[in-house]
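Structure assessment
For reference, the chains in residue letters:
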Amino acid sequence: MKKLIRLLAVALAVMMLAGCSLVTVNEEKIVVATVGDETITKADFNEGFNALLSQYGYTQDSEEIADQLKTLKENYIAQMVEDKVLERKIKELGLDQVTDEEKAAAEQEIQDWYDEQYAALVENFKTDDTVEDPEAKAAETIENYLSQYGLTLDQMKENSVASISSDKLYDYVTKDVTVTEEEAKIEFANKVAAAKEKYDADLSAYVSDFENGATIYYTPEGCYYIKHILISLTDEQKQDIKNLRADDDETVAATADEKREEYLLTIREKAESVLKLVDEGGDFEALMEEYGEDPGMKNGYLTYAGDTGFVTEFADACAALTEDGMTSGLVGSDFGYHIIRRVSTVPSGEATFEDVKDSLMESMLTDKKSTTYDQQVEAWVKEVNPDIKTDKL
């Protein structure tokens with residue numbers, strides 16, 4: 001018997017050293033947070049937290065997030081607690097009842113989004129000769145996109161319906177929030193001053209904000225639109241030049257310019273014939289439409305002297321066009337030959353309050369509502385005084 005006991009003791013010691021355990025932890029019994037009379041177990045936490053991490057290709061053991069794991073866990077349990085508090089408040093206020101009409105509207109909103117994306121993709125794939133079935137390809141593309149977030153169209157609709165009560169709570173809390181015109185005028189003055197300081201110091205910041213659809217409160221001097229007729233190299237030629245420039249061997253990379261000049265010769269005659277039509281007074285827009293091979297050229301490019309957003313040859317040629325209506329000669333680049341025209345100068349100066357009033361007040365109202373709601377939620381959470389045991393996460 002003593003020998004058996006000794007053998008069992010040795011086996012147990014080996015298992016402990018190997019990281020094994022005879023005890024199975026029941027995560028359903030480990031409470032990591034208490035919210036009023038409700039609890040959140042470690043099993044509840046792990047189910048949601050693991051699902052969240054998996055959407056981004058991680059697990060709790062992923063080395064890439066090891067230094068952030070503690071903070072991520074704390075943030076997630078805080079969100080779970082907040083969700084519990086909001087669920088209680090929704091029921092308390094009687095906002096948890098969803099009508100058939102509300103449900104149908106929520107589902108239709110998602111369906112409309114899907115139909116819009118599907119239609120746009122179908123049109124896009126119809127222009128791609130490598131796609132045999134644009135409709136099937138469009139559906140597959142959307143499904144693949146949603147799957148990255150662990151979703152299907154039906155699940156999106158379910159989530160939309162589930163958010164109805166939360167939206168009602170938000171509306172309940174923010175129903176009396178308003179923004180006055182006087183408040184907007186003060187904010188307008190602040191935004192003009194900030195934009196002036198930002199854009200005068202960095203014209204690229206203005207171009208970036210403008211192209212990204214930001215509300216423009218001030219336009220700096222020096223910006224103008226250009227259009228160009230691109231006589232393009234072939235895709236194979238452009239890729240060849242790109243590969244040479246990217247080569248780790250400096251000797252090989254240095255041959256890129258020579259190769260480009262060789263390729264430019266293959267389109268030189270065509271480029272010169274188009275330039276002649278321009279110099280003879282031909283309609284630049286019509287010539288661009290007929291000969292131009294830059295698909296993004298319809299509305300022109302917003303630029304300025306010193307713009308680093310274009311290849312050097314193109315940017316230098318644009319900077320040399322100091323007046324509207326000026327046109328370059330042939331400008332060679334890794335893309336082909338460009339014939340560039342300065343189309344128009346962007347008027348500088350401050351926007352008027354009336355120009356931006358609606359968008360500004362709408363933005364201010366959204367921000368004010370969001371702040372009001374966040375403050376109310378924070379107050380509700382404090383009122384419940386949840387007990388979060390972060391050491392058990």
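So, unusual backbone geometry
Look at Asn-385: it is not a glycine, yet its phi comes out positive at around 55°. Using a relative accessible area of 60% as the deciding quantity, one classes Asn-385 as exposed.

A short note on the pairing of strand β7 (residues 336–345)
Where strand β4 (residues 223–232) and β7 come together, nine bridges link them in antiparallel fashion. Its bridge partner being in β7, Ser-232 is matched across the sheet by Gly-336. Alignment of strand β6 (residues 331–333) against β7, held across three bridges, turns out to be antiparallel. Pairing of Gly-332 across the sheet is with Tyr-337, part of β7. The turn linking β6 back onto β7 is made up of two residues.

Thoughts on the packing of aromatic side chains
Applying the stated criterion across every chain, the model contains 12 aromatic pairs. Every member of this aromatic cluster is reached through a ring pair, and the members are Phe-45, Phe-49 and Tyr-76. The ring of Tyr-172 is capped by Lys-175, whose NZ or CZ atom sits 4.3 Å from the centre of that ring. Of note, Arg-342 hangs over the ring of Tyr-224, and the distance from its end group to the ring centre comes to 3.9 Å.

As for the packing of helix α4 (residues 100–126) against helix α5 (residues 134–147)
In contact at an axis separation of 8 Å, α4 and α5 are set at 130° when each is read in the N-to-C sense. On the basis of their axis angle, the class for α4 and α5 is oblique. With respect to the hand of their crossing, α4 and α5 are arranged in right-handed fashion. In contact with Trp-113, Tyr-114, Gln-117, Tyr-118, Leu-121, Val-122, Phe-125 and Lys-126 of α4, α5 contributes Pro-134, Glu-135, Lys-137, Ala-138, Ala-139, Thr-141, Ile-142 and Leu-146. Here the contact of α4 with α5 is composed, by residue class, of 11 nonpolar, two polar and three charged.

Points about helix α2 (residues 42–55)
The end-to-end C-alpha distance of α2, which contains 14 residues, comes to 20 Å, matching closely the 20 Å that a straight helix rising 1.5 Å per residue would cover. On its buried face, α2 sits against β1 (31–35), β2 (38–41) and α3 (69–92). Backbone geometry just downstream of α2 places Gly-57 in the positive-phi region, at approximately 80°.

Digging into the pattern of salt bridges
In total, this model carries 25 salt bridges according to the counting rule given. In this structure, Glu-92 and Lys-89 form a salt bridge, with 3.2 Å as the shortest nitrogen-oxygen distance. Of this pair, Glu-92 and Lys-89 both sit in helix α3, three residues apart, which is roughly one turn of the helix. Lys-89 sits in the buried class, given a relative accessible area of 11%. In this structure, Lys-185 engages Glu-181 in a salt bridge whose closest nitrogen and oxygen atoms are separated by 3.8 Å. Here Lys-185 pairs with Glu-181, and both are found in helix α8 (residues 181–201), just four residues apart, close to one helical turn. Judged by relative accessible area, which is 32%, Glu-181 ranks as partly exposed. Salt bridges linked by common partners bring Arg-245, Asp-257, Arg-260, Glu-261, Glu-313 and Asp-334 together as one network.

Cut-offs used in this document
- Numbers given to residues run from 1 along each chain, matching the order in which its sequence is written.
- Two thresholds apply to this predicted model, a pLDDT of at least 70 for residue-level local features and 80 or more for giving and counting side-chain atom pairs, whereas whole-chain, interface and lining totals are computed over all residues.
- To obtain the side-chain values, all non-hydrogen atoms of the structure were included, while hydrogens and water were left out.
- Burial status follows relative accessibility: with a 1.4 Å probe on protein chains alone, a residue under 20% of its type maximum counts as buried, one over 50% as exposed, and anything between as partly exposed.
- Should DSSP find at least two bridges between two strands, the strands are taken to pair.
- Secondary structure is summarised from DSSP: a helix means a run of H or I of at least four residues, a strand means a run of E of at least two, and numbering begins at the N terminus for each.
- Pairing of aromatic rings covers Phe, Tyr and the six-membered ring of Trp, with a centre-to-centre limit of 6.5 Å; geometry is then stacked below 30 degrees between planes, edge-to-face above 60, and tilted otherwise.
- Whether a charge lies above a ring is judged from NZ of Lys or CZ of Arg, which has to be within 6 Å of the ring centre and within 35 degrees of the ring normal.
- Helix axes are fitted to C-alpha atoms over the stretch in contact, other axes to C-alpha atoms as well, and angles between N-to-C directions run from 0 to 180 degrees.
- Relative orientations are named as follows: roughly parallel for angles under 35 degrees, roughly antiparallel for angles over 145 degrees, roughly perpendicular for angles from 65 to 115 degrees, and oblique for any other angle.
- In this scheme, a crossing is called left-handed if the near helix is turned counterclockwise away from the far one by less than a right angle; it is called right-handed if the turn is clockwise.
- Note on contacts: a residue pair qualifies if any of its non-hydrogen atoms lie within 4.5 Å across the two residues.
- Residues are grouped as follows: Ala, Val, Leu, Ile, Met, Phe, Trp, Tyr, Cys and Pro are nonpolar; Asp, Glu, Lys and Arg are charged; every other residue, Gly included, is polar.
- A helix is expected to span 1.5 Å multiplied by its residue count minus one.
- What counts as a salt bridge is simple: a side-chain nitrogen of Lys or Arg found within 4 Å of a carboxyl oxygen of Asp or Glu.

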